[in-house]
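# Geometric and topological summary
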Amino acid sequence: MKFIESVFEKLKRHPKRIVFPEGAEPRVLEAAGQFNRMQLGAPILLGDPKEIERKAADHRVDLTRIGILDPAKADDLPIFAKRLERLQRYRNIGAGDAREILTNPNYFAAMMIQHGQADGLVGGASQYASSLMRPLIQIVKPLPGITTISSCMMLEGPPERFGAEGMLMLADCAVVPEPTVEQLASIGIETAKVCRQLTGIRPRVAYLSFSTKGSSRLPAAGKMAAAAALAKQRADTEKLDMEIDGELQADTALLPDLAAVKAPSSRVAGNANVLIFPDLNSGNIAAKLVQHVGGAAAYGQVLLGLSRPAADMSRGASVEEILGVAAIVGLQAIEYRKLYPETLEEPEEE
């Protein structure tokens, strides 16, 4: 079974509520319609109901059992406004300004997932990333011990060429431009946790570079080796079941024959299923090349470090990609309830 098909099957057993801030975007509408028909959960579309209904009719999307909510007229708006005012960042803005901010669907959707009105959020299909990321970071609490929000994406291709049973996870390809050693360590561990959540497969994390195991003494390669060592130390301390190694070249991380020559003692080389990139440039470029030149199916960006599952889509995302990411976020919501039950409690206002 393909990776994304396995996600669909698991989610059908525990359907979830996914909120889409861009409710009138045609691709989002079609993906929400499929999400509903496949019985994966309850989509919630934010926006002007008349516009959503008109766009749905144009694209032949059945809105039966799909929620439609206008933030400006929602019953929860005054409640959310009071909660926003109590946050440190917004403490002095006043009730009118708080309500105005929350008429923005991205802010309203962030409040919905933070306060349990939806299980996950998928946005960004028609907006710049900052439009979605800002409210999420400001409103949704981070996971315990997390200081950096980052992202990962999943690539699915031929099993004989792609990581674990045809699936590779890449990070960070969307959020942190120039991660520090500490941030890289966190990104690797959090991505590995998502790999385990979604697949049940033991994560094998490769910190990538132009160098393998000291073949270059340049600082950039040393940074990835240091990040890998720190991530391994943290994983061992927390007793996390994952393998971590670096620095490794990409081909050494993926090809067993080459790994046997370049890194014979590595337990990751040749078998990596999680790839950690030195910076945003390399991660984003690599992901798009593998997707558009290599023909891999791509699902992302799934955000890491938030206490509620959320994803920031590419503006070029297809209907199939939006559907797949919505299902992944829904499946994450199931796992979050098991792993982080304390985060589901109503947060204390700052």
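Residues numbered from 1 in each chain as written. Predicted model: local features only at pLDDT ≥ 70, side-chain atom pairs only at ≥ 80, totals over all residues. Heavy atoms only, no water.

## Some details on the overall build of the protein
The secondary structure content of the protein amounts to 13 helices and 11 strands. For a compact globule of 350 residues, the expected C-alpha radius of gyration is about 20 Å, and the protein comes in at 20 Å, within 12% of that figure. Considering only C-alpha atoms, the protein reaches an extent of 65 × 45 × 30 Å along its principal axes. For the protein, the proportion of its 350 residues judged to be buried stands at 54%. Carbon and sulfur atoms make up 51% of the accessible area of the protein, which totals about 15,400 Å². With 40 positive and 43 negative side-chain charges, the protein shows a spacing of 2 Å between the two charge centroids. (Helix = DSSP H or I, 4+ residues; strand = E, 2+ residues; numbered from the N terminus. Rg over C-alpha atoms; globule rule 2.2 N^0.38 Å. Buried < 20%, exposed > 50% of the residue type's maximum accessible area, 1.4 Å probe, protein only. Areas by Shrake-Rupley, 256 points an atom, 1.4 Å probe, with all protein chains shown as cover. Lys, Arg positive; Asp, Glu negative; His and termini not counted. Charge placed at Lys NZ, Arg CZ, Asp CG, Glu CD.)

## Digging into the packing of aromatic side chains
Across all of its chains, the model carries one aromatic pair by this definition. When the ring of phenylalanine 80 is compared with that of phenylalanine 108, the centres are 5.0 Å apart and the planes differ by 55°; the resulting orientation is tilted. With phenylalanine 80 in helix 4 (residues 77-86) and phenylalanine 108 in helix 6 (residues 105-114), the pair connects residues that are 28 residues apart, well separated along the chain. Taken as a pair, phenylalanine 80 and phenylalanine 108 share a single burial class, namely buried. (Phe/Tyr/Trp six-rings, centres within 6.5 Å; stacked < 30°, edge-to-face > 60°.)

## Some thoughts on the layout of surface pockets
In this approach a probe as big as a water molecule rolls over the atoms, and the regions it shows empty are the leftover space. Approximately 440 Å³ is the volume attributed to the largest pocket. Together, 22 residues line the largest pocket, and Lys288, Gln301, Met313, Ser314 and Arg315 are the ones closest to its centre. Examining the composition of the lining of the largest pocket, we find that five residues originate from one element, helix 12 (residues 280-292), more than from any other. For the lining of the largest pocket, the per-class residue count stands at 10 nonpolar, eight polar and four charged. (1 Å grid on protein atoms, 1.4 Å probe; cavity = no way out; pocket = protein on both sides within 12 Å on 5 of 7 lines; lining within 4 Å. Points joined across faces, edges and corners; volume = space filled by probe spheres on them. Nonpolar A, V, L, I, M, F, W, Y, C, P; charged D, E, K, R; others polar.)

## Here's the deal with the pattern of salt bridges
Under the criterion given, the structure shown has 11 salt bridges. Of the charged contacts in the structure, one is a salt bridge between arginine 17 and aspartate 119, with a shortest N-O distance of 3.1 Å. One end of the pair, arginine 17, is in strand 1 (residues 16-20); the other, aspartate 119, is in the loop between helix 6 and strand 4 (120-123), with 102 residues separating them in the sequence. Of the charged contacts, one joins lysine 55 and glutamate 51 as a salt bridge, the two residues approaching to 3.6 Å between their closest N and O atoms. Of this pair, lysine 55 and glutamate 51 both sit in helix 3 (residues 49-58), four residues apart, roughly one helical turn. Classification of glutamate 51 by relative accessible area gives partly exposed; the value is 29%. Among the charged side chains, a network of salt bridges with common partners joins Arg196, Arg202, Asp241, Glu243 and Arg267. (Salt bridge = Lys/Arg side-chain N within 4 Å of Asp/Glu carboxyl O.)

## A few points about the environment of glycine 222
Along the chain, glycine 222 turns up in helix 9 (residues 219-237). Between the alpha carbons of glycine 222 and glycine 246 there is a distance of 9.4 Å; along the sequence they are 24 residues apart.

## Some remarks on the side chain of glutamate 247
Looking at the element boundaries, glutamate 247 is found in strand 8 (residues 243-248). For the buried residue glutamate 247, which engages in no salt bridge, the nearest side chain bearing the opposite charge is lysine 213, 6.3 Å off. Of the polar contacts made by the side chain of glutamate 247, one reaches the side chain of serine 211; its length is 2.7 Å. Not counting residues within four places of it along the chain, the set of residues in contact with glutamate 247 comprises Tyr207, Ser209, Ser211, Thr212, Lys213, Gly214, Ser215, Ser216, Ala221, Met224 and Ala225. (Polar contact = N/O pair within 3.5 Å; in protein donor to acceptor, adjacent residues only side chain to side chain. Contact = heavy atoms within 4.5 Å.)

Bear in mind that shape data such as this cannot, by itself, settle questions of function.
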